[in-house]
Amino acid sequence: MLAEFNRSLILIADRDLLMANIASKILQIFGVDRIAVFLLNAETDKYVLAGKQESEHFCRLHFTHHSKLVNWLSVNETYFQTSRQSSVMSYFSDSEQELIYRADVELIFPLKAMNRLNGFVFLGRRSDGKGISGEDANLLKLLFDHAAFAIENTALYEEQSARIRKMYRADRLAMLGELAAGAAHEIRNPLTTIRSTVQYLGKGMQDPDKLDMVNELMEEVDRINKIVQGLLSFAKPSALEVDKVDILQLLRQSLVLLSNTIARKQIDVAFDVHTPSTVVTADASQLKQVFLNVLLNAVEAMEESERRQLTLRIEAGRPLDYQSRYLLISITDSGKGIEPGDLESIFNPFYTTKSEGTGLGLSISYSIVSRHGGEMEISSLPGRGATALIKLPQAM
Ligand SMILES: Nc1ncnc2c1ncn2[C@@H]1O[C@H](COP(=O)(O)OP(=O)(O)O)[C@@H](O)[C@H]1O
Ligand SMILES: [Mg+2]
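Residues numbered from 1 in each chain as written. Chains lettered and ligands numbered in written order. Predicted model: local features only at pLDDT ≥ 70, side-chain atom pairs only at ≥ 80, totals over all residues. Heavy atoms only, no water.

## Concerning the overall build of the protein chain
In plain terms, the rule: Runs of E in the DSSP output that reach at least two residues are strands. Runs of H or I that reach at least four are helices, and both are numbered from the N terminus. Residue contacts are defined here by distance: any two heavy atoms, one from each residue, within 4.5 Å place the two residues in contact. To measure how exposed things are, a 1.4 Å probe is used in the Shrake-Rupley method; for residues, cover is taken only from the protein chains shown. Only four residue types enter the tally: Lys and Arg on the positive side, Asp and Glu on the negative side; His and the chain ends are excluded. Taken as the charge centre is NZ of Lys, CZ of Arg, CG of Asp or CD of Glu, depending on the residue.
Secondary structure summary: the protein chain contains 11 helices and 13 strands in total. Of the contacts formed within the protein chain by residues at least 6 apart in sequence, a portion of 68% connects residues at least 24 apart. Accessible surface for the protein chain amounts to roughly 21800 Å². Of this, 53% is attributable to carbon and sulfur atoms. A distance of 2 Å separates the average location of the 43 positive side-chain charges in the protein chain from that of its 50 negative side-chain charges.

The following block contains the structure:
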């Protein structure tokens, strides 16, 4: 089992899969009743429950670098046994102590690699009622030290592939943007001529059938115009008019515009705000367009869902430098989600899976967010929903 444990550390490149594997092997080998792994999230710089662990005690919990527990583990680089080391326990904050008692945690191990605390592990008790021996605890420490390196590797691997994906996407969209700008420009002028000519021809027309045709022509021309307009706002967005903007307020305003649909479709909207400061310097009307696009997509994706839940989360991201950080805005729906194979295409102009879609919403949003010095990503659990993450620089 130990040999297999080590092999899986080498072979698995997916972090969630690796975590699940480590957890199940540890439970199996040592017969403990419970394990919870917290990992450092590179985006928020907080320690959060890793992967898709189901745990009533820990799910909504996170630890920051100010945590006494994090501090102790970083400095001491070793595990500790809650029932035997009361002096260590008394160093922790009251809420941490309470949590440890309530969740009946017996051992806590650091996950340290490259001289950095990447996470830690809470272990419960042995199911057979026996205590965990010092020898077992030492062996566990050894295993978790190995695991910490494997986890660090998967994190580095994921970071690198995300960076490459982002680079390719930026390149591709820049090229498409140039192409689109050229095409839109060429289409716009003749279209103006067509529109005014058709309008002129319709003026003295008596025959109702022919008048219908002319009106239909006008409608189609207007439709093309709209698409060209959309293309231009993706390729050549108007200059930013920046001011202080409260993102929370802007999200609320965007929701108001959709309030009819939200009420009619019985969509449950929840705000989850984790930072006192939600103000950024940005172009409010352009950002509103981004939020509207994303919210509309979310609403449309939940068309056939049984449970319609929209969660808007705002939190502070890790510092970018000593005076700014990202503000993280995520909009999560419980809709049909996006297949992994389609995830890279959704930002392409004209990519749509809807019969009435233009496929321009996300490409325009992406270009607006980029022009703000931000980033935009969408992740999804197919069949369960999608999350749009928008990162905007914020002074601190
Ligand atoms: N929240 C979401 N859930 C599922 N699919 C989504 C979501 N957001 C975007 N998509 C997918 O991305 C495609 C492109 O979105 P968008 O650029 O807004 O164009 P449109 O909405 O006109 O199709 C959509 O057609 C849909 O397939
Ligand atoms: Mg859309």
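That was the structure; now back to the text.
## Some details on the domain arrangement of the protein chain
Bring the parts together and some accessible area is lost; that lost area is often taken as the interface size. To keep it simple, the criterion reads: Start and end points for every domain follow an automatic or database-based domain assignment. Accessible surface is computed with a 1.4 Å probe, and the buried area is the amount of it that two parts give up when combined, taken over both parts together.
You can read the domains of the protein chain as domain 1 (2–161), domain 2 (176–235) and domain 3 (238–395). Computed over C-alpha atoms only, the centres of domain 2 and domain 3 are separated by 31 Å. Across the boundary between the two partners, domain 2 contributes 6 residues, which contact 7 residues of domain 3. For the pair domain 2 and domain 3, the two sides together bury roughly 600 Å², of which 81% comes from carbon and sulfur. Summed over the three residues of domain 2 that lose the most area to domain 3, namely I227, S233 and F234, the buried surface amounts to 64% of that side.

## Looking at the packing of helix α7 (residues 208–235) against helix α11 (residues 361–371)
The relative placement of two packed helices comes down to the angle between their axes together with the axis-to-axis distance. Applied cut-off: What counts as an axis is a line fitted to C-alpha atoms, over the stretch in contact for a helix, and the angles between N-to-C directions run from 0 to 180 degrees. Orientation labels follow simple angle bins: below 35 degrees gives roughly parallel, above 145 gives roughly antiparallel, 65 to 115 gives roughly perpendicular, and whatever is left gives oblique. For a crossing to be left-handed, the near helix must be turned anticlockwise from the far one by less than a right angle; the clockwise case is right-handed. Residue polarity follows a fixed list, in which Ala, Val, Leu, Ile, Met, Phe, Trp, Tyr, Cys and Pro are nonpolar, Asp, Glu, Lys and Arg are charged, and the others, Gly among them, are polar.
At a closest axis distance of 8 Å, the pairing of α7 and α11 adopts a crossing angle of 30°. The angle between α7 and α11 falls in the class roughly parallel. In this structure, the crossing between α7 and α11 has a hand that is left-handed. Here α7 contributes G230, S233 and F234 to the contact with α11, which in turn contributes S363, I364 and S367. Here the contact of α7 with α11 is composed, by residue class, of 2 nonpolar, 4 polar and no charged.

## Observations concerning a negative patch on the surface
For the record, the criterion: For patches, a residue must show more than 30% relative accessible area and have no salt bridge; joins then use 9 Å for like charges and 5 Å for nonpolar side chains, namely Val, Leu, Ile, Met, Phe, Trp and Tyr. Any Lys or Arg side-chain nitrogen located within 4 Å of an Asp or Glu carboxyl oxygen qualifies as a salt bridge.
On the surface, D207, D209, D212, E216 and E219 cluster together to form a negatively charged patch. Here D207 lies in the loop between α6 (134–203) and α7.

## Looking at the sheet that holds strand β8 (residues 268–273)
Here is the rule we go by: Between any two strands, pairing holds if DSSP finds at least two bridges.
The sheet built from 5 strands is open, its strands ordered β8-β10-β11-β13-β12 with mixed pairing. Each edge of the open sheet carries a strand with a single partner, namely β8 and β12 (375–381). When the angles between neighbouring strand axes are averaged without regard to direction, this sheet yields 20°. Two elements, strand β11 (residues 324–333) and strand β13 (residues 385–395), share 10 bridges in a ladder whose sense is antiparallel. Looking at the pairing, L327 lines up with L392 of β13. Packed onto the sheet, helix α10 (residues 284–301) meets β10 (309–319), β11, β12 and β13 and runs at close to 30° relative to β11.

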